[in-house]
Amino acid sequence: MAGPGTLSDEPLSPAGRLFIQPKTEVVIHCILRGKNAIDIDAVKANVKSSLMWKHPRFCSLLVRDENGFEHWRRTQLDIDQHVIVFNNRLDKSGKFMDGSENQGFSIEQEEDSDDDEMAVNQYVADLSVSTPLNTDKPFWEIHLLMAHKCFVFRIHHALGDGISLMSMLMASCRKASDENALPMMVPEKTGESMGDKRRSLFWLLGALWRFLKMALFTLVFLIEFLARIYLARDRKTVISGGDGVELWPRKLATARFLLKDMKEVKKAIPNTTINDVLFGVVSSGLSRYLDHRTPNALHEGLRMTGVAMVNLRSKPGLLKISKLTKDNSEARWGNRFGVILLPVFYDKAGNDPLKYLKRAKTMVDRKKNSLEAYFSYRIGDLVMTLLGSKYACLLNHRLLCNTTFTISNMIGPLEEITLAGNPISSIKVNTSSLPQAITMHMLSYADKAEMQILVAKDIIPDPEFLAKCFEDALLEMKMAAIGGQ
């Protein structure tokens, strides 16, 4: 990893330097489950013909020069170093069985087992703590779990953010309905004509009011953001982390939602988004779980703060393939996201399941009317530039330690896809462990959304029950929304 710099080396971005620090190092895991047995040769051919094989980030080593500054250095790729095949089956503890234990099982039999997903989830949970990516090759791997028909992509966060990496993955996939067509991206929104509005006095007054709200909310949330780093900390609960919790053993569970259910809940309150619904579900689900673990022990309105990722590119959704490598594009490759603090509040179950959604929407709307995400990105960039990676890492670590959970939500492909000719039945994402006891990452795929819940198992021993709390919260909101129409 150490070595003299060369003229062809490219320095890491500030965000890239942050993600390689020991306390803030993050690896992204993406699990794709195929419907058919995996063809190893087809996978290798697909990778070697993909944009991933040519992209500078994916064919560069991380090196440090004599002054300790990190750089990317181009190297030759060896497909066998990056596509790693595992033929043995996993047991429920995430460990590979030996040859004798594998006998008597077939892929078709195991596919119907409830233990199959648990085995793969636990395998990835173990990777999130104990298995960093090697520095003697570019920072990515694809694990082929042959007995489980699963592809597990492991990609270092220094290579790019979720939007960049998912867009890259989609460039290697095809529509299930048309093997020659790329997956459908999120439709671009057409801008509303402002010709008449610009001449309206009411529009001018509205714009002034929106600016004043933005300035006020930005100031308030920035003060809160800085206080959360230096002073304020969430009250201790049974889901709070502890010192060094990022190194504790993990468990991984999956909460499943139907997008049509989330859209049904959206109708209950005008101008509600899927993100509003998600944060309402998280608030309700955490309250349910805390009631289960510590009944009557918490006071109403107890705050639990989440760290949420916000895409800072000018357009939402996945990137167009043509823009993945353009440096002058606002949708360019890299880590282009800020963070916002999203509080959720403990409340005992009552007669109004939608109260969680109403509170979540109010808070998210205020965040949208501020520049908190933009300034969080700029603050991190400024600290990294002026004080170096040590202090930037410290600030980021303190922010996570003083909050309860991290959450993200990303739009995936709008229709079913294939990878190396294999139809994909599900796509799930999560990251390596953070200094919190719980992290949640939701990704939509076709007509459903799945949220991976990574927990420190000594603190949250039953993440499957927590996942059910989230699923039940959405269903209860759906029934309330239908009943109120």
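## Things to note about the overall build of the protein chain
Inference 1: Helix and strand content of the protein chain: 16 helices and 16 strands.
Inference 2: With 485 residues in all, the protein chain has 52% of them scored as buried.
Inference 3: Considering only intrachain contacts with a sequence separation of at least 6, the fraction spanning at least 24 residues in the protein chain is 79%.
Inference 4: Total accessible area computed for the protein chain in this model is approximately 22,500 Å², and 56% of it derives from carbon and sulfur atoms.

## A word on the sheet that holds strand S10 (residues 303–311)
Inference 1: If you walk across this open sheet you meet the six strands as S9-S16-S15-S12-S10-S11, and the pairing is mixed. Either end of the sheet is taken by a strand with one partner, and the two such strands are strand S9 (250–258) and strand S11 (337–345). Shown here is a sheet whose adjacent strand axes are inclined to one another by a mean of 20 degrees, direction ignored.
Inference 2: Two strands pair when backbone bridges link them, and S10 and strand S12 (residues 405–410) are joined in this way by three bridges, in the parallel orientation. Bridge pairing in S12 places Gly306 opposite Phe405.
Inference 3: The strands touched by helix H11 (residues 259–266) are S9, strand S15 (438–445) and strand S16 (448–456); relative to S9, the strand with the most contacts, the crossing angle is about 65 degrees.
Inference 4: The sheet contacts of helix H14 (residues 372–387) involve S10 and S11, and relative to S11 the element is tilted by about 125 degrees.

## Observations regarding the sheet that holds strand S4 (residues 70–74)
Sheets are built from strands that pair by backbone hydrogen bonding, the pairs being arranged parallel or antiparallel.
Inference 1: With antiparallel pairing, three strands are arranged side by side in an open sheet as S1-S4-S3. Of all the strands in the sheet, just strand S1 (10–11) and strand S3 (60–64) have a single pairing partner and so form its edges.
Inference 2: Direction of pairing for S3 relative to S4: antiparallel, over a ladder of five bridges. Its bridge partner lying in S4, Val63 is registered against His71.

## Brief notes about the layout of surface pockets
Inference 1: Reported here for the second largest pocket is a volume of approximately 330 Å³.
Inference 2: Lining of the second largest pocket is provided by 20 residues; of these, Pro22, Glu25, Ser128, Val129 and Ser432 occupy positions nearest its centre.
Inference 3: The biggest single contributor to the lining of the second largest pocket is helix H7 (residues 115–130), with four residues.
Inference 4: Counted by class, the lining of the second largest pocket contains ten nonpolar, six polar and four charged residues.

## Considerations on the nonpolar core
Inference 1: Counting residues in each nonpolar core, the largest one holds 62 residues, and the members touching the most others are Leu32, Phe58, Trp140, Phe151, Phe153, Met166 and Ile427.
Inference 2: Element by element, the count of residues in this core is highest for helix H8 (residues 162–171), at six residues.
Inference 3: Discounting residues that sit within four places of it in the chain, Phe58 has contacts with Met52, Leu77, Pro138, Trp140, Ile155, Leu159, Leu165, Met168 and Trp333.
Inference 4: Of all hydrophobic cores here, the second largest spans 53 residues; its members include Ile239, Leu354, Val364 and Met451.

## Things to note about the packing of helix H12 (residues 274–293) against helix H13 (residues 355–368)
Inference 1: Where H12 meets H13, the axes come as close as 8 Å, and the angle between the chain directions of the two elements is 130 degrees. On the basis of their axis angle, the class for H12 and H13 is oblique. In this structure, H12 crosses over H13, and the sense of that crossing is right-handed. Along its contact with H12, which presents Asp276, Val277, Phe279, Gly280, Ser283, Ser284 and Ser287, the element H13 presents Tyr356, Leu357, Ala360, Lys361 and Val364.
Inference 2: For the contact of H12 with H13, the class distribution of residues is six nonpolar, four polar and two charged.

## As for H11
For an α-helix, the turn length of 3.6 residues means that residues three or four places apart are oriented alike.
Inference 1: Taken together, the buried positions of H11 are Leu259, Asp261, Met262, Glu264 and Val265.
Inference 2: Here the buried face of H11 lies against S9, H12, H13, S15, S16 and helix H16 (463–483).

## Quick word on the side chain of Asn46
Inference 1: Locating Asn46 in the fold gives a position in helix H2 (residues 40–48).
Inference 2: Look at Asn46 and you get buried, because its relative accessible area is 18%.
Inference 3: For Asn46, the residues in contact, after removing those within four places along its chain, are Ser172, Leu419 and Ala420.

## Looking at H16
Inference 1: Over its 21 residues, H16 extends 30 Å from the first C-alpha to the last, a length consistent with the 30 Å expected when each residue adds 1.5 Å.
Inference 2: Considered for burial, the residues of H16 that qualify are Pro463, Leu466, Ala467, Cys469, Phe470, Ala473, Leu474, Met477 and Ala481. Summarising the axial view, the buried residues of H16 lie within an arc of 150 degrees, below the 170-degree limit, and thus occupy one face. Residues of H16 that are exposed and point more than 90 degrees away from the buried face comprise Met479 and Gly483.
Inference 3: In this structure, the buried residues of H16 make contact with S9, H11, H12, H13, S15 and S16.

## Focus: the packing of H12 against H16
Inference 1: Two elements in contact, H12 and H16, have axes separated by 8 Å at closest approach and are oriented at 125 degrees. Judged by the angle between their axes, H12 and H16 are oblique. In this structure, H12 crosses over H16, and the sense of that crossing is right-handed. Contacts from Val277, Gly280, Val281, Val282, Ser284, Gly285, Leu286, Arg288, Tyr289 and His292 of H12 reach H16 at Phe465, Leu466, Cys469, Phe470, Asp472, Ala473, Leu474, Glu476 and Met477.
Inference 2: Among the residues forming the contact of H12 with H16, the class breakdown is twelve nonpolar, four polar and three charged.

## Quick notes on the side chain of Thr272
Inference 1: As for its placement among the helices and strands, Thr272 is situated in the loop between H11 and H12.
Inference 2: A distance of 2.7 Å separates the side chain of Thr272 from the backbone oxygen of Ile269, its partner in a polar contact.
Inference 3: Ignoring any residue separated from it by four or fewer positions in sequence, one finds Thr272 in contact with Lys266, Val277, Leu357 and Lys361.

## Quick look at the pattern of salt bridges
Inference 1: In this structure the tally under the stated criterion is 25 salt bridges.
Inference 2: In this structure, Glu416 engages Lys35 in a salt bridge whose closest nitrogen and oxygen atoms are separated by 3.3 Å. Here Glu416, found in the loop between S12 and strand S13 (417–419), pairs with Lys35, found in the loop between strand S2 (27–34) and H2; they are 381 residues apart in sequence, far enough to count as distant.
Inference 3: As a salt-bridge pair, Asp291 and Lys348 come within 3.6 Å of each other at their nearest N and O atoms. One end of the pair, Asp291, is in helix H12; the other, Lys348, is in the loop between S11 and H13, and 57 residues separate them in sequence.
Inference 4: On the basis of relative accessibility, which here comes to 22%, the residue Asp291 falls in the partly exposed class.
Inference 5: On the basis of relative accessibility, which here comes to 30%, the residue Lys348 falls in the partly exposed class.
Inference 6: Residues joined by salt bridges that share partners form a network here, namely Glu117, Arg256, Lys428 and Glu450.

About the cut-offs
- Residues numbered from 1 in each chain as written.
- Predicted model: local features only at pLDDT ≥ 70, side-chain atom pairs only at ≥ 80, totals over all residues.
- Heavy atoms only, no water.
- Helix = DSSP H or I, 4+ residues; strand = E, 2+ residues; numbered from the N terminus.
- Buried < 20%, exposed > 50% of the residue type's maximum accessible area, 1.4 Å probe, protein only.
- Contact = heavy atoms within 4.5 Å.
- Areas by Shrake-Rupley, 256 points an atom, 1.4 Å probe, with all protein chains shown as cover.
- Pairing = 2+ DSSP bridges.
- Axes fitted to C-alpha atoms, helices over the stretch in contact; angles between N-to-C directions.
- 1 Å grid on protein atoms, 1.4 Å probe; cavity = no way out; pocket = protein on both sides within 12 Å on 5 of 7 lines; lining within 4 Å.
- Points joined across faces, edges and corners; volume = space filled by probe spheres on them.
- Nonpolar A, V, L, I, M, F, W, Y, C, P; charged D, E, K, R; others polar.
- Core = buried A, V, L, I, M, F, W, Y, C linked by side-chain atoms within 4.5 Å.
- Parallel < 35°, antiparallel > 145°, perpendicular 65-115°, else oblique.
- Left-handed = near helix turned anticlockwise from the far one by under 90°.
- Expected span 1.5 Å × (residues − 1).
- Arc of directions from axis to C-beta.
- Polar contact = N/O pair within 3.5 Å; in protein donor to acceptor, adjacent residues only side chain to side chain.
- Salt bridge = Lys/Arg side-chain N within 4 Å of Asp/Glu carboxyl O.

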